[in-house]
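Residue-level structure breakdown
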Amino acid sequence: MDQPNTYDAGLLKVVPNSALNAVDIAADKALEDAEEGNNSPVIQGLSGHVMKCWESARKARSFVNDRLLTAQQTRLGKYTPTKLAAIRAVGGSEEYARVTANKCRVADAWLRDVYLGQTEKPWTLDISPVPDLPKDEMDKIRQAVAAEVAQAAAFTGQPPEASIIEDRISELEEAVSQRVEAAARETVARMEKRMEDQLLEGNFEVEWGKFITDLVTYPAAHFKGPILRSKNTVAWGPDANGGWAPHVKETVAVEFERVDPFRCYPAPNASCPQDGYFIEHVTYTTDDIHSLIGLPGFNEPAIRGVLADYGTGGLTNWLGLVQHQQSDVDGSAQTTNDSPLVDIDGLEYSGLVRGKDLLEWGMDPSKIDDPDADYDACVWLIGKWVIKAQLNYDPMRTRPIFKSSWEEVPGDYWGLGLVDALGDVQGIVNAAVRALVNNMGMASGPQVEVNVDRLPAGESITTIVPWKVYQTQDSEFGTGSGGAVNFFQPDSNVSELLTVIEKFYEFADNWSLIPRYMSGDSSSGGAAGRTASGLSMLLNAANKGLKGVVSNMDATTLSPMLNKLYTLNMLFDEDDSIKGDATAAAKGAVSLMQLETLQLRRNEFLAATNNETDMSIIGPDGRKAVLREVAKGLEMDINEVIPPTPQGPAAAPPGQQPQAEAAPGGEQLVNGAAVTDNMSPSGLL
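None of these values were measured; they are calculated from a predicted model. (Residues numbered from 1 in each chain as written. Predicted model: local features only at pLDDT ≥ 70, side-chain atom pairs only at ≥ 80, totals over all residues. Heavy atoms only, no water.)

Looking at the overall build of the chain
For clarity, the threshold we go by: Comment: elements are numbered from the N terminus, with helices defined as DSSP H or I runs of at least four residues and strands as E runs of at least two. Exposure is judged per residue with a 1.4 Å probe applied to protein chains only, and the accessible area is read against the type maximum: over 50% gives exposed, under 20% gives buried, and values in between give partly exposed. In this description, contact between two residues means that some pair of their heavy atoms is separated by no more than 4.5 Å. Each accessible area value is a Shrake-Rupley result obtained with a 1.4 Å probe; residue values ignore everything except the protein chains displayed when judging cover.
Across its full length, the chain holds 20 helices and 16 strands. Residues classed as buried in the chain amount to 38% of the 685 residues present. Once local pairs closer than 6 in sequence are excluded, the contacts in the chain between residues at least 24 apart make up 70%. On the chain, roughly 38500 Å² of surface is accessible, and the fraction owed to carbon and sulfur atoms is 54%.

What follows is the structure in structure tokens.
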């Protein structure tokens, strides 16, 4: 708004009190309007529904809190507070053998190599089967065939046989179908390129790496996206003086992120985030909250109401979370609003809401087709403010939150992680290591028995030094049969304890499906691990077990997330040239694990076929095709190394007659090809 009656006083702009009062009055009026809108039945109904679901989900998840904390502490190589207190009550060593943490690191590196370390992306867009041809295309084909039949009848005096006409129709249908399919492939290729750019700009690789770390650590890992966020971009352009100046532009960008499992609250009895409802406990900075203004689906007055409440301390611990550290099960540290850097708690609810409830809460009846049906809604709640409330735009009601586990348990939301699989092994190895350290300390030197009655007053009995001379005297109870100072050596159990540790390391290899030779320890593979081919066979055998993990990640997280991104582009992208019927599939991950083997086999194929007999069969073009695939695996510029085959007239497929010559006049079919005179007398022979 304008601020009249202001003037400059040097470096300081002076604003009269009347202008300041006008600003305050406008701000108060805006807050009153926001309060009135937030108190509407629909908003209050949604707010109460979200809080009820939050309390239910929080209570239902309490049983997994200890597992999450144990997983986190195990990955860090630390005992949980309860276990550490029990160890200290007994005394002795507090050493921790990081068996599980090492397996997690190996699995983490292996999965990152599969998904992020390859030259090709681990997903693709598959074109949907080409549907039946549109009616207008069929009409054009019938008209073209009718014209050809009339031409042939006029030339020969009788119409062609019905079988010839049917074959001609099938030929034209196939030609049009190929044209439609080729156009569809070009469209899908453009969409695939757009999605690649969105994944790159949305920080997908970094967040996917964090997701992989969660997967190998916790009972479940969560990935979120696509998310629409306001983002500032900088473009450089000329300024008024002929130089260069930055131009900041605010845009809506697609982003992806890993979600902290400590902050995830699924519905009771849910098996995935798509079941029932899902609540994420989020924290925002004031800048995060302010950046939501202007984004689709967000209520600006409510957002400004949140900022106003935050400024007066009204949102301090509104969820009722106790004071805890970042590693606690509620996932964030709650403090007071004394610091300007404190976060603002919020709940992001995604779930079903009954249509009649939405109607009772005042939602527009035109958006509710059936009051008895459930509608998937997204609600963001901060304190008393609902800053976002909208129905899910996805026609399949897919939510932008996905979950995978190292080992899925049917019907159980929280599956099994490596920490769960190796819990027993880790506990026993820890106990053996602590006993080993304690025993080494006990057996590192002699134990000393001192008869204090036979030592004179002042004789030191707390230290032992070489060539020490002890003064002794007769005991008042008699001389006794033993010396005043006696030495004995405790037994060493190091060998037995090392055997126990080694045996349970073997159990860890088997139970985790991650043998030690996957981390470079070839000696653990036995005789087979001493040769390159033997070690390769062992690695391939280990990969068979781990392929199940990759397939699960593809099916439960990567594929549905990519399809969600595809749906977003189909619905809201303004570029119609990328829109077509396709399906995203993350089927490339498993095949990527075979790339190294395939490359080896291709080299063997080239060597085996490098003879006159085989070359006469596959020919130069066949060998060129294999060479191009080999060069592609070596990240070479294929066209620079192997010139592409010149594109000439397409030859007829084997077993088929070549097409008849084009009819005079240069006429074309509906697919753009030249009209062929298959109805001529020569064509009927």
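Here we look at helix α2 (residues 41–60)
The criterion, for reference: Each residue after the first adds 1.5 Å to the expected span of a helix.
With 20 residues, α2 ought to run about 28 Å at 1.5 Å a step, and its terminal C-alpha atoms sit 28 Å apart, in line with that. Those residues of α2 that sit buried are Val42, Ile43, Gly45, Leu46, Ser47, Val50, Cys53, Trp54 and Ala57.

Concerning the nonpolar core
For clarity, the cut-off: We call a set of buried Ala, Val, Leu, Ile, Met, Phe, Trp, Tyr and Cys residues a nonpolar core when their side-chain atoms join them within 4.5 Å.
In terms of nonpolar packing, the biggest core is built from 57 residues, with Ile279, Tyr349, Ile382 and Ile387 touching the most fellow members. The contacts of Tyr349, once residues within four sequence positions are left out, are His49, Val50, Cys53, Tyr277, Phe278, Ile279, Ala377, Cys378 and Val379.

Structural notes on the sheet that holds strand β5 (residues 244–259)
The condition is simple: In this description, strands pair whenever DSSP reports at least two bridges between them. Orientation is described by lines fitted to C-alpha atoms, with helices fitted over the stretch in contact, and by angles between N-to-C directions that extend from 0 to 180 degrees.
Spatially, three strands are ordered β5-β4-β11 in an open sheet, and the strand pairing comes out antiparallel. Every interior strand has two partners, whereas the edge strands, β5 and β11 (401–404), have only one. The mean inter-strand angle of the sheet, taken between neighbouring strand axes irrespective of direction, is 30 degrees. Of the pairings in the sheet, the one linking strand β4 (residues 221–238) to β11 comprises four bridges and is antiparallel in character. Counted as the bridge partner of Lys224 is Ile401 from β11.

With respect to the packing of helix α5 (residues 99–116) against helix α8 (residues 204–215)
What counts here: Handedness of a helix crossing follows the sense of rotation of the near helix relative to the far helix, less than a right angle counterclockwise being left-handed and clockwise being right-handed. Nonpolar residues are Ala, Val, Leu, Ile, Met, Phe, Trp, Tyr, Cys and Pro. Charged residues are Asp, Glu, Lys and Arg, and all others, Gly as well, are polar.
Where α5 contacts α8, the axes come no closer than 9 Å and their chain directions differ by 145 degrees. As α5 packs across α8, the resulting crossing turns out to be right-handed. Of the residues in α8, those in contact with Asp108, Leu111, Arg112, Tyr115 and Leu116 of α5 are Glu205, Trp208, Gly209, Lys210, Ile212, Thr213 and Leu215. The residue makeup of the contact of α5 with α8, split by class, is six nonpolar, two polar and four charged.

Observations concerning the packing of aromatic side chains
What counts is decided by this rule: Pairing of aromatic rings covers Phe, Tyr and Trp, the last counted by its six-membered ring, and requires centre-to-centre distances within 6.5 Å; plane angles under 30 degrees mean stacked, over 60 mean edge-to-face, and any other angle means tilted. Only lysine NZ and arginine CZ atoms are considered, and such an atom sits over a ring when it is within 6 Å of the ring centre and within 35 degrees of the ring normal.
By the definition in use, this model includes 17 aromatic pairs. With centroids separated by 5.5 Å and ring planes inclined at 65 degrees, the aromatic side chains of Tyr115 and Trp208 adopt a geometry described as edge-to-face. Of this pair, Tyr115 sits in helix α5 while Trp208 is found in helix α8, placing the two residues 93 residues apart along the sequence. Like Tyr115, the residue Trp208 is buried in the burial classification. With centroids separated by 6.0 Å and ring planes inclined at 85 degrees, the aromatic side chains of Phe204 and Phe256 adopt a geometry described as edge-to-face. Here Phe204, found in helix α8, pairs with Phe256, found in strand β5; they are 52 residues apart in sequence, far enough to count as distant. For the pair shown, Phe204 and Phe256 are each scored as buried. What links up through ring pairs into an aromatic cluster is the set Tyr115, Phe204, Trp208, Phe211, Phe223 and Phe256. Lying over the aromatic face of Tyr413, Lys403 brings its terminal NZ or CZ to 5.1 Å of the ring centre.

Side note on the pairing of strand β9 (residues 374–382)
With eight of its nine residues buried, β9 lies for the most part within the structure. Pairing of strand β8 (residues 344–354) with β9 involves eight bridges; the strand directions are antiparallel. Note on β9: the bridge partner recorded for Leu347 is Leu381. With six bridges joining them, β9 and strand β10 (residues 385–391) adopt antiparallel strand pairing. Looking at the pairing, Val379 lines up with Ala389 of β10. Where β9 folds back on β10, the antiparallel hairpin that results is connected by two residues, among which Gly383 adopts a positive phi of roughly 65 degrees.

Details of the environment of Asp126
Tracing the backbone shows Asp126 in strand β3 (residues 124–127). Using a relative accessible area of 27% as the deciding quantity, one classes Asp126 as partly exposed. When residues no more than four places from it in sequence are discounted, the contact partners of Asp126 are Ala582, Thr583, Ala585 and Lys587.

A closer look at the side chain of Asn430
One can find Asn430 in helix α13 (residues 423–443). Apart from residues lying up to four places away in sequence, Asn430 is in contact with Tyr79, Tyr96 and Ala97.

Some details on the pairing of β8
Burial analysis of β8 places nine of its eleven residues in the buried class, which makes it a mostly covered element. Pairing of strand β7 (residues 277–284) with β8, which is carried by eight bridges, proceeds in the antiparallel orientation. Bridged to Ile279 within β8 is Tyr349.

Some words on the environment of Val42
Relative to the assigned elements, Val42 resides in helix α2. In this structure Val42 comes out as buried when scored by relative accessible area, which is 15%. When the C-alpha positions of Val42 and Asp357 are compared, they lie 8.7 Å apart, and in sequence the two are 315 residues distant.

Digging into a nonpolar patch on the surface
Counted only if it meets this: Only residues whose relative accessible area exceeds 30% and that take part in no salt bridge are eligible for patches, with like-charged residues grouped when within 9 Å of each other and nonpolar side chains (Val, Leu, Ile, Met, Phe, Trp, Tyr) grouped when within 5 Å. A side-chain nitrogen of Lys or Arg and a carboxyl oxygen of Asp or Glu constitute a salt bridge if their distance falls within 4 Å.
Together, Val234, Trp236, Trp244 and Val248 make up a nonpolar patch on the protein surface, roughly 540 Å² of accessible area in all. When residues of the nonpolar patch are traced back to their parent elements, those giving at least two are β4 and β5. Inspection of the secondary structure puts Trp244 in strand β5. Classification of Trp244 as exposed rests on a relative accessible area of 63%.

Description of the sheet that holds β9
Taken in spatial order, the five strands line up as β6-β7-β8-β9-β10 in an open sheet, and their pairing is antiparallel. What marks the edges here is a single partner per strand, and that holds for β6 (264–266) and β10. For this sheet, the mean angle separating the axes of adjacent strands, direction not counted, is 20 degrees. With respect to the sheet, α2 is in contact with β6, β7, β8, β9 and β10, its orientation differing from that of β8 by roughly 100 degrees.

Some words on the pattern of salt bridges
For the coordinates displayed, the defined rule picks out 24 salt bridges. For Asp214, the salt bridge identified is with Arg258, shortest N-O distance 2.5 Å. Of the two residues, Asp214 is situated in helix α8 and Arg258 in strand β5; the sequence distance between them amounts to 44 residues. Overall, the relative accessible area of 4% leaves Asp214 in the buried class. Overlapping salt bridges bring together Glu148, Arg168 and Glu171 as one network.

As for the confidence of the model for the chain
Put simply, the test is: For every residue, the predictor states its confidence as a pLDDT score lying anywhere from 0 to 100.
Summarising the model, the chain shows a mean pLDDT of 78, and 76% of its residues fall at 70 or more. In this model residues 524–535 is a low-confidence stretch, pLDDT under 50, and it forms twelve contacts with partners more than four residues away in sequence or in other chains.

Structural notes on α13
Note that an α-helix has 3.6 residues per turn; residues three or four places apart therefore point the same way. Between its first and last C-alpha atoms α13 spans 30 Å; for 21 residues at 1.5 Å apiece the expected length is 30 Å, and the two agree. Packed against the buried residues of α13 are α3 (65–76), α4 (81–90), α5 and α14 (494–512).

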